[in-house]
Amino acid sequence: RNGVPLEAMIASHTIDAAHLLFLEKQIGSIEPGKKADLVVLDRNLFEAAPADIDKAKAVMTLFAGKTVYRDASFGGGASARPAETVIERDDGHGH
């Protein structure tokens, strides 16, 4: 069996990416004081068959700690909808 372990793949898109951007103190992991940018999926990727990981769907997205998307299947509501609009993000680099 070949491939990249799931833990390494997730780290490459989160904390490792934050380190490359020199932003590991602000983003990249879920810790007090960091920006809460995260997605909630409809399944636990660590329990899913590798062939089914790409079938995971986002049911909620948080940006800077605020819910910006919540699917109707996650916590009620009439339909999938944006929870609020986010105009810009301060990533500390001025763009």
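Worth saying up front: this structure is predicted, and the values here are computed from it rather than measured.

Conventions we followed
- Residues numbered from 1 in each chain as written.
- Predicted model: local features only at pLDDT ≥ 70, side-chain atom pairs only at ≥ 80, totals over all residues.
- Heavy atoms only, no water.
- Helix = DSSP H or I, 4+ residues; strand = E, 2+ residues; numbered from the N terminus.
- Buried < 20%, exposed > 50% of the residue type's maximum accessible area, 1.4 Å probe, protein only.
- Contact = heavy atoms within 4.5 Å.
- Areas by Shrake-Rupley, 256 points an atom, 1.4 Å probe, with all protein chains shown as cover.
- Salt bridge = Lys/Arg side-chain N within 4 Å of Asp/Glu carboxyl O.
- Pairing = 2+ DSSP bridges.
- pLDDT = per-residue confidence, 0-100.

### As for the overall build of the protein
Secondary structure summary: the protein contains two helices and four strands in total. The 95 residues of the protein split such that 14% are buried. Considering only intrachain contacts with a sequence separation of at least 6, the fraction spanning at least 24 residues in the protein is 26%. Accessible area for the protein stands at about 7,200 Å²; split by element, carbon and sulfur atoms hold 58% of it.

### A few points about the pattern of salt bridges
Side chains carrying opposite charge are able to pair once their charged atoms draw close together. Under the criterion given, the structure shown has three salt bridges. A salt bridge links Glu-31 to Lys-34, with the shortest nitrogen-to-oxygen separation between them at 3.1 Å. Judged by relative accessible area, which is 44%, Glu-31 ranks as partly exposed.

### With respect to the pairing of strand β3 (residues 66–70)
Two strands pair when backbone bridges link them, and strand β2 (residues 58–63) and β3 are joined in this way by four bridges, in the antiparallel orientation. Pairing of Thr-61 across the sheet is with Tyr-69, part of β3. The turn joining β2 and β3, which pair antiparallel and follow one another in sequence, is formed by two residues; a positive phi near 55 degrees is taken by Ala-64.

### Quick look at the confidence of the model for the protein
Looking at the protein as a whole, its pLDDT mean stands at 82, while 78% of the residues score no less than 70. Here strand β4 (residues 81–82) is the element of the protein with the lowest mean pLDDT, 52, and helix α2 (residues 15–20) is the one with the highest, 96. Considering only residues more than four positions removed or in separate chains, one finds that residues 83–95, a stretch of pLDDT under 50, has 18 contacts.

### Quick word on the pairing of β2
Remark: a regular strand shows side chains that alternate across the two faces of the sheet. Across four bridges, the pairing between strand β1 (residues 38–41) and β2 is antiparallel. From the neighbouring strand, Leu-38 faces β2, where its bridge partner is Leu-62.

### Re unusual backbone geometry
A positive phi angle, close to 60 degrees, is found at Phe-22, a residue other than glycine. As for its placement among the helices and strands, Phe-22 is situated in the loop between α2 and β1. With a relative accessible area of 70%, Phe-22 lands in the exposed category. Despite not being glycine, Ala-64 shows a phi value in the positive range, around 55 degrees.

### Thoughts on the environment of Ala-36
With respect to the helices, strands and loops of the structure, Ala-36 is situated in the loop between α2 and β1. Its relative accessible area of 28% is what places Ala-36 among the partly exposed residues. Apart from residues lying up to four places away in sequence, Ala-36 is in contact with Leu-62, Phe-63, Ala-64 and Gly-65.

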